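The lines below spell out each chain.
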Amino acid sequence: MLHVSDPSTGTLSQMNTRFLALLLFSALVEQAVCKQVPDYIKDLYKKVKESECTGGDVLKSGFHDTDGDNGGFMYCQKDTKGKAIYLKGKKGELVNMDVDCDGGISGKNDKRCASSKDTQDITAFQDQVSRHGLNDLDPTIIPYVVFGNTGNDKLEFDPTKHGIKPLSVMAVVCNNKLIYGVWGDTNGEEDEPKVGEASISLATECFGKTINGDNGHDQKDVLFLAFPGDDAVPGAKANWKAKSYKEFEKSIESIGDKLVERFKNE
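Please read these numbers as outputs of a predicted model, since none were measured by experiment.

Participant: Explanation requested: unusual backbone geometry in the structure shown.
Facilitator: Excluding glycine, most residues fall at negative phi; most peptide bonds, likewise, are trans. Although it is not a glycine, D79 sits at a positive phi angle of roughly 70°. Positionally, D79 belongs in the loop between β2 (73-76) and β3 (85-88). Not every positive phi belongs to a glycine, and K81 is a case in point at roughly 55°. Considering the arrangement of structural elements, one finds K81 in the loop between β2 and β3. Owing to a relative accessible area of 68%, K81 belongs among the exposed residues under this scheme.

Participant: I'm lost on the packing of aromatic side chains in this one. Help?
Facilitator: In this description, an aromatic ring pair is defined by two values, namely the gap between the centres and the angle between the planes. Under the criterion given, the structure shown has 5 aromatic pairs. Measuring from centroid to centroid gives 5.2 Å for Y75 and F147, while their planes differ by 85°, and the two rings are edge-to-face. In this pair, Y75 is assigned in strand β2 and F147 in strand β5 (residues 144-149), connecting sequence segments 72 residues apart. Across the pair, F147 and Y75 agree in class, each one buried.

Participant: Could you clarify how one ought to interpret the pattern of salt bridges in this entry?
Facilitator: Side chains that carry opposite charge are capable of pairing whenever their charged atoms lie near each other. Applying the stated criterion across every chain yields a total of 6 salt bridges. A salt bridge links K46 to E50, with the shortest nitrogen-to-oxygen separation between them at 3.3 Å. Note that K46 and E50 are positioned in helix α2 (residues 39-50) at a spacing of 4 residues, about one turn of the helix.

Participant: Would you take a moment to explain the state of the cysteines for this structure?
Facilitator: As used in these notes, a disulfide is a covalent bond between sulfur atoms, one from each of two cysteines. Following the criterion strictly, the structure yields 3 disulfides and no others. What pairs with C174 in a disulfide is C206, and their sulfur atoms sit 2.0 Å apart. Note on the C174 and C206 pair: the S-S dihedral is about -75°, so by sign convention the disulfide is left-handed. Of this pair, C174 sits in strand β6 (residues 169-174) while C206 sits in helix α4 (residues 200-207), and the two are 32 residues apart along the sequence. Note on accessibility: C174 and C206 belong to one class, buried. Ordinal numbering of bonded cysteines along the protein defines a disulfide pattern of 1-2, 3-4, 5-6.

What counts, and where the lines are drawn
- Residues numbered from 1 in each chain as written.
- Predicted model: local features only at pLDDT ≥ 70, side-chain atom pairs only at ≥ 80, totals over all residues.
- Heavy atoms only, no water.
- Helix = DSSP H or I, 4+ residues; strand = E, 2+ residues; numbered from the N terminus.
- Buried < 20%, exposed > 50% of the residue type's maximum accessible area, 1.4 Å probe, protein only.
- Phe/Tyr/Trp six-rings, centres within 6.5 Å; stacked < 30°, edge-to-face > 60°.
- Salt bridge = Lys/Arg side-chain N within 4 Å of Asp/Glu carboxyl O.
- Disulfide = S-S within 2.5 Å.

Spelled out as structure tokens, the structure:
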């Protein structure tokens, strides 16, 4: 039987070659987003996870990671030499990752947000987000971290008093990945003020699509790093109007790389 190849599609061998090239390109794009954790950040992760945060290194303590726990979680600066602050539990613990669907669309583009019981229509920095042409952060696209605690008279923490600026780039080490996001929201008033929360887009990149608005990551092994200084603020360099998580994260990648390199020669 005579086989005639269509010049618009090429031979089967050529098609296979193009398919393999496409797979390779996709893998490279995926690798560019899901960055390998540099050795110096692995070292920092191990150091802060295994240490106790005490004395002047504790910026504020008494926070909760889950309902009904002992409130032993804190904002800490130990082993960072003022280059970053992070969330910490007792020795051997960091924090978990709850899922946040707050924002201008309240996660309506992702059905997984429907299970969230406390979704708010706005984030804490809506007024600043509007300067970039958005109504608010879209939690299904923008990888943001919920950081800082407000509204509880007995227990508050304001990261801006430690040089952290709204919408600044943060680094998250989760599930053996290094992911960049922005400080995009704060923890609101609660009987048990909590820490350890990120937008559904960031949480999905960490732990996959089984994550939803009421089902986060329970293990206390996530490192959230916030960086003081103007150089952590992406401003117009960030693609605030990105159509996907990957587009946005890619736009802040170079800033994130420079921030984590603060620890390169430690």
